Amino acid sequence: MRNLIFDCAVWVLLIIIPSRMSFSQQTKVPDGNPRGMYDESRVPRYNLPDPLILSNGEGVHDTIAWIEKRRPELLNLFETYVYGKPAVGRPEHFHWIVNPDSEVTDSSITKRVTLYFSENDLWPKLDVEIVLPRTGKPVPVFVVSTWYPDAPLLLSRGYGLVRYDAREIEPDDKDSAYTKGIRKFFDPPDRKQATADEWGTIAAWSWVASRVMDYLVTDKNIDSNKICILGFSRFGKAAMWAGALDTRFAIVFSCESGCGGATIVRRGFGETVRLINEQFPHWFNGNFKKFNDRVSDLPVDWHMLIALMAPRPVYLSTAEDDWWGDPRGTFLAAKAAESVFALFGEKGMNVSEMPPPESQVGSFIGYHMRKGRHGLTSYDMDLFMRFADSHFESNASK
């Protein structure tokens, strides 16, 4: 195990304070949650690796050191031990075709774009639908894969919706994700599976999001500085990794992404590293499975992934009855990422204790816990847009 050096003050902040934060723990696990560990008193004591200490033990004291040293190091650690390294960046023959027939109403315009990832226009390809309000100027958009919010809700607030299904490129199936997906397409013909450090399905979905972005920054109807990425559940995991890798995404929204998305996995609460790797072995790379029973040996935890968004805003949402996703662990991950945002002079959540349900908190790290079960609701979207409004209006006034 690599040596990890912890500053005493940081240790106190991340380990002692969270263990004493008030949290309204329900006495009975809500219906619908899979079998798991749901007893807060059984969460082990754990040490979080410090996002502001390099692997060689040197501290990170300014933004230059973060950008040039620590950030690339963390990206490499997540690639190596969790999500895997992609085989390609933007493919040489990547191109798109915009459908000439747009659907225009008094309030909106809908257009469709097909992205192609090779010279062959048969496959692989991805269909993208873009619904924009008619404002006469470039508009901000939410980029969402597979599980979408209602477009009228976004349009009424001046936002566009970019929607697609990443499973067209990489199926969400443990038995066929590699053989029928984009990863196999770029691998040698005789390869039967990805190697231990190569990308899994979550990374493939994240890669697709960046290819969608490649088109969006060329669309004159879209404000290229106000493109948000939003993901729910497993696609919330993909949105987080896409946002970490691709800084063109102005704000990253991760809705109930749980283990492997935005929660402290060292807690072992709800869905664990072992459980996620057993049920969804295609999502992550082979190296991640080596930590099924020694999660404390991981050189990263998910407060570090949240920190990789800095200084861009990031928003995390949870649901009160979604114990499987560990709402408390998500809040603690966000708290533990605040030190990196502070390095840039930005505030995190502005609270020291976990807020009650349906209380929106945060400046550059937004958070809320909605009442109810696992899902993406209009309530969530309203708070997401409020958060985006606050940052985009603030930037416009500067």
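Just above, that's the structure.
Asks: What exactly am I supposed to notice about the overall build of the protein here?
Replies: Helix and strand content of the protein: 10 helices and 10 strands. In terms of C-alpha radius of gyration, the protein reaches 20 Å, essentially the compact-globule figure of 21 Å for 398 residues. Projected onto its principal axes, the C-alpha positions of the protein cover 60 × 55 × 50 Å. Evaluated residue by residue, the protein yields a buried proportion of 55% over its 398 residues. Of the contacts made within the protein by residues no fewer than 6 positions apart, 67% connect residues no fewer than 24 positions apart. With the model as given, the accessible surface of the protein reaches about 16800 Å², and the carbon-plus-sulfur share is 50%. Between the averaged position of the 46 positive side-chain charges in the protein and that of its 51 negative side-chain charges there is a distance of 2 Å.

Asks: Hey, could you run me through the side chain of Asn 33 in this one?
Replies: Among the secondary structure elements, Asn 33 is positioned in the loop between α1 (8-20) and α2 (63-83). A polar side-chain atom of Asn 33 sits 3.3 Å from the main-chain carbonyl oxygen of Pro 30. Here Asp 321 takes part through its backbone oxygen, which lies 2.7 Å from a polar atom of the side chain of Asn 33. Sequence-distant contacts of Asn 33, defined by excluding residues within four places in its chain, comprise Tyr 38, Asp 321, Asp 322, Trp 323 and Trp 324.

Asks: Is there a simple way to think about the packing of helix α5 (residues 201-216) against helix α6 (residues 234-245) in this case?
Replies: Between two packed helices, what matters for the description is the angle formed by their axes and the separation of those axes. Following both chains from N to C, one finds α5 and α6 inclined at 60°, their axes separated by 8 Å at the closest point. Considered as vectors, α5 and α6 are oriented oblique to each other. The two elements α5 and α6 meet at a crossing, and its hand is right-handed. Touching Ile 202, Ala 203, Trp 205, Ser 206 and Ala 209 of α5 are Arg 234, Phe 235, Lys 237, Ala 238, Trp 241 and Ala 242, all from α6. Its residues assigned to classes, the contact of α5 with α6 shows eight nonpolar, one polar and two charged.

Asks: Is there a simple way to think about unusual backbone geometry in this case?
Replies: A negative phi angle is the norm for most residues apart from glycine, just as the trans form is the norm for most peptide bonds. In this chain, Trp 123 is followed by Pro 124 through a cis amide linkage whose omega measures 5°. Residue Pro 311 is reached from Ala 310 by a cis peptide bond, and omega for that bond is 5°. With respect to the secondary-structure elements, Pro 311 resides in the loop between α8 (302-307) and β9 (314-319). Of note, Asp 326 is a non-glycine position whose phi angle comes to about 55°, a positive value. As for its placement among the helices and strands, Asp 326 is situated in the loop between β9 and α9 (327-343).

Asks: How do you make sense of α6 when you look at a structure like this?
Replies: Note: α-helices contain 3.6 residues per turn, so residues at a spacing of three or four share the same orientation. In this model α6 runs 17 Å from its N-terminal to its C-terminal C-alpha over 12 residues, within 8% of the 16 Å that 1.5 Å per residue would give. Most of α6 is tucked away: 10 of the 12 residues are buried. Among the residues of α6, Phe 235, Gly 236, Lys 237, Ala 238, Ala 239, Met 240, Trp 241, Ala 242, Gly 243 and Ala 244 are the ones counted as buried.

Asks: Please explain the environment of Pro 124 as it appears in this structure.
Replies: Relative to the elements of secondary structure, Pro 124 occurs in the loop between β3 (108-116) and β4 (125-133). Counting along the chain gives 123 residues from Pro 124 to Thr 247, while the straight-line C-alpha distance between them is 25 Å. What Pro 124 contacts, discounting residues up to four positions off in sequence, is Leu 115, Tyr 116, Phe 117, Ser 118, Ile 169, Ile 182 and Phe 185.

Asks: What should I look at first to understand the nonpolar core in this one?
Replies: Among soluble globular proteins, nonpolar side chains are generally buried collectively. Residues Phe 78, Tyr 83, Val 212 and Leu 305 are the most contacted members of the largest nonpolar core, which totals 98 residues. If we skip the residues at most four places from it in the chain, Phe 78 touches Tyr 83, Gly 84, Trp 241, Val 300, Asp 301, Trp 302, Met 304, Leu 305 and Leu 308. Judged by nonpolar contacts, the second largest core, of 23 residues, contains Leu 161, Ile 251, Leu 383 and Phe 392.

Asks: What is the right way to read α5 from this model?
Replies: For α5, spanning 16 residues, the distance from its first C-alpha to its last is 23 Å, which sits close to the expected 22 Å at 1.5 Å a residue. In terms of burial, α5 is largely enclosed, as 16 of its 16 residues are buried.

Asks: Any chance you could explain the packing of aromatic side chains here in plain terms?
Replies: How two aromatic rings sit relative to each other is set out by the distance from centre to centre and by the angle between their planes. The full count for this structure, using the stated rule, is 32 aromatic pairs. Taking the centre distance of 6.5 Å and the plane angle of 75° together, the rings of Trp 283 and Phe 284 count as edge-to-face. Each member of the pair Trp 283 and Phe 284 is classed as buried. Ring centres of Phe 288 and Trp 302 lie 6.0 Å apart, and the angle between their planes is 50°; on these two criteria the pair is classed as tilted. With Phe 288 in the loop between α7 (273-279) and α8 and Trp 302 in helix α8, this residue pair connects regions lying 14 residues apart in the sequence. Each member of the pair Phe 288 and Trp 302 is classed as buried. Each member of the aromatic cluster is reached from another via a ring pair, and the members are Phe 94, Trp 96, Phe 117, Trp 123, Phe 185, Phe 186, Trp 199, Trp 207 and Tyr 215.

What counts as what
- Residues numbered from 1 in each chain as written.
- Predicted model: local features only at pLDDT ≥ 70, side-chain atom pairs only at ≥ 80, totals over all residues.
- Heavy atoms only, no water.
- Helix = DSSP H or I, 4+ residues; strand = E, 2+ residues; numbered from the N terminus.
- Rg over C-alpha atoms; globule rule 2.2 N^0.38 Å.
- Buried < 20%, exposed > 50% of the residue type's maximum accessible area, 1.4 Å probe, protein only.
- Contact = heavy atoms within 4.5 Å.
- Areas by Shrake-Rupley, 256 points an atom, 1.4 Å probe, with all protein chains shown as cover.
- Lys, Arg positive; Asp, Glu negative; His and termini not counted.
- Charge placed at Lys NZ, Arg CZ, Asp CG, Glu CD.
- Polar contact = N/O pair within 3.5 Å; in protein donor to acceptor, adjacent residues only side chain to side chain.
- Axes fitted to C-alpha atoms, helices over the stretch in contact; angles between N-to-C directions.
- Parallel < 35°, antiparallel > 145°, perpendicular 65-115°, else oblique.
- Left-handed = near helix turned anticlockwise from the far one by under 90°.
- Nonpolar A, V, L, I, M, F, W, Y, C, P; charged D, E, K, R; others polar.
- Expected span 1.5 Å × (residues − 1).
- Core = buried A, V, L, I, M, F, W, Y, C linked by side-chain atoms within 4.5 Å.
- Phe/Tyr/Trp six-rings, centres within 6.5 Å; stacked < 30°, edge-to-face > 60°.

Keep in mind these numbers describe shape, not what the thing actually does.
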